[in-house]
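Inside the fold
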Amino acid sequence: MRVITWNMGQADRPKRFAKTHEQAWRFLLGLNPDLAFLQETFPPSWAEEEGTIVRGPFEKWGSLVFSRGPAIEPLTLPETSPLRALRGNYVAFVRVQLPDGTGAIGASIHARPARAEGEVLGGQDPEKLRRSVEGPKFNDVIFAGLVPLVEQRRFILAGDWNTARRQGTQRDSKIGMKFFDRVRDAGWHDCAWDARGDEIRTWFGPGKLQQDDYIFCDQTLGKSVRAVTAAAEAAAELHLSDHAPLIVDLGA
């Protein structure tokens, strides 16, 4: 099973990728995904003919899950979930039927690089979430909300998490590492890092980050990771987005 995550660059920045968005979708299909976890996209009308799309309500761009293989259906969050305020533009949830017949939770994540305040916190204590004096970020809120949702379950949580282990300065890298310490302590499998022992470049915009897109899964699925690659040409040569698709191939 091929799993891809890709931020396709359609947020309210200058619309430099708008004219090539359909081309980006065709590029995605050319990568032969079974499951694609997409962010900052507004799918063209013909995409519904190519597979199943699950998305929340959004009018300009948002997160969605696309399948050309495994059966997917919308997952309704519990009423108590702190992630309900982020549905649509930032998170999309599905139930996935895995090739071995078991069910899993899937989520397409866009953790925008901003401080989490007000309703975004979903009632969570910001002091418990923060990793620095700047306060909690969207990725801290999303991570904390996902932990109880996927505990003791199969899962694939993929998207633009807007953090990295290496961030250009020792201070920022230390703050980034705290996020991945939490990922490790939760028992999540980081498909790229755990397979390669290094980052893989998916970010081609400004700044020092190399990778800010990740595919996390449960440890059972993690044992089936066969290859991890990035389609760098999507960003570096074709300029379809400032992110490159991250590709994880799973097999028996």
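Within each chain, residue numbers correspond to sequence positions counted from 1 in written order. Per-residue local features of the predicted model are confined to residues with pLDDT of at least 70, and side-chain atom pairs are confined, for both listing and counting, to 80 or more; whole-chain, interface and lining totals are unaffected and use all residues. Water and hydrogen atoms were dropped before computing side-chain values, which therefore reflect all heavy atoms in the structure.

1. Concerning the packing of aromatic side chains
This is how the line gets drawn: Whether two aromatic rings pair depends on their centres lying within 6.5 Å, for rings of Phe, Tyr and Trp, where Trp uses its six-membered ring; planes under 30 degrees apart make the pair stacked, over 60 edge-to-face, and the rest tilted. Secondary structure elements are taken from DSSP: a helix is a run of H or I of four residues or more, a strand is a run of E of two residues or more, and numbering for both begins at the N terminus. Relative accessibility under 20% of the residue-type maximum defines a buried residue, over 50% an exposed one, and the middle range a partly exposed one, all with a 1.4 Å probe and only protein chains included.
Tallying each qualifying case throughout the model produces 15 aromatic pairs. Consider the rings of Trp161 and Phe179, whose centres lie 5.7 Å apart with planes at 50 degrees: the pair is tilted. A residue pair is termed long-range when its members are at least 10 positions apart, and Trp161 in the loop between strand E8 (155-160) and helix H4 (170-185) and Phe179 in helix H4 qualify at 18 residues. Given a relative accessible area of 0%, Trp161 falls into the buried group. Here Trp161 and Phe216 contribute two aromatic rings whose centre-to-centre distance is 5.2 Å and whose plane-to-plane angle is 65 degrees, an arrangement assigned as edge-to-face. With Trp161 in the loop between E8 and H4 and Phe216 in strand E10 (residues 213-217), this residue pair connects regions lying 55 residues apart in the sequence. Owing to a relative accessible area of 0%, Phe216 belongs among the buried residues under this scheme.

2. Structural notes on unusual backbone geometry
One non-glycine residue, Glu40, adopts positive backbone phi at about 50 degrees. As for its placement among the helices and strands, Glu40 is situated in strand E2 (residues 35-41). Although it is not a glycine, His239 sits at a positive phi angle of roughly 55 degrees. Structurally, His239 can be placed in the loop between helix H7 (233-236) and strand E12 (246-250).

3. A few points about H4
What counts is decided by this rule: For a helix, the expected span equals 1.5 Å multiplied by the number of residues minus one. Think of it as the arc spanned by the lines of direction from the helix axis to the C-beta atoms.
The first and last C-alpha atoms of H4 sit 22 Å apart over 16 residues, in line with the 22 Å expected at 1.5 Å per residue. The complete set of buried residues in H4 reads Ser173, Ile175, Gly176, Phe179, Phe180 and Val183. Projected onto a plane normal to the axis of H4, the buried residues spread over an arc of 165 degrees and lie on a single side. Opposite the packed face of H4, turned more than 90 degrees from it, sit the exposed residues Gln170, Lys174, Arg184 and Asp185.

4. Brief notes about the pairing of E12
Two faces belong to every sheet, and in a regular strand the side chains alternate between them. Note the threshold: Here a strand pair is declared whenever DSSP counts at least two bridges between the two strands.
With respect to burial, E12 is a largely interior element, five of its five residues being buried. Where strand E1 (residues 2-7) lies against E12, four bridges are found, and the strand directions are antiparallel. Directly across from Thr5, in E12, lies its bridge partner Leu246. By the bridge criterion, five bridges tie strand E11 (residues 225-230) to E12 in an arrangement that is antiparallel. Residue Ala227 lies in a different strand from E12, and its bridge partner there is Asp249.

5. Looking at the environment of Trp203
Operational definition: Only heavy atoms matter for contacts: two residues are in contact if any of them lie within 4.5 Å across the pair.
Topologically, Trp203 is positioned in the loop between helix H5 (191-196) and E10. Owing to a relative accessible area of 12%, Trp203 belongs among the buried residues under this scheme. Measuring from C-alpha to C-alpha, the distance between Trp203 and Gln219 comes to 26 Å, with 16 residues separating the pair along the chain. In contact with Trp203, other than residues within four places in its own chain, are Leu209, Gln210, Asp212, Asp242 and His243.

6. Structural notes on the sheet that holds strand E6 (residues 91-97)
Here is the rule: Helix axes are fitted only over the stretch in contact, all axes being lines through C-alpha atoms; the angle between N-to-C directions runs from 0 to 180 degrees.
Taken in spatial order, the six strands line up as E5-E6-E7-E8-E10-E9 in an open sheet, and their pairing is mixed. With partners counted over all chains shown, the strands left at the sheet margins are strand E5 (72-74) and strand E9 (189-190), one partner each. Of the strands in this sheet, E6, strand E7 (103-110) and E8 touch helix H3 (residues 138-150), which is tilted by about 175 degrees from E7.

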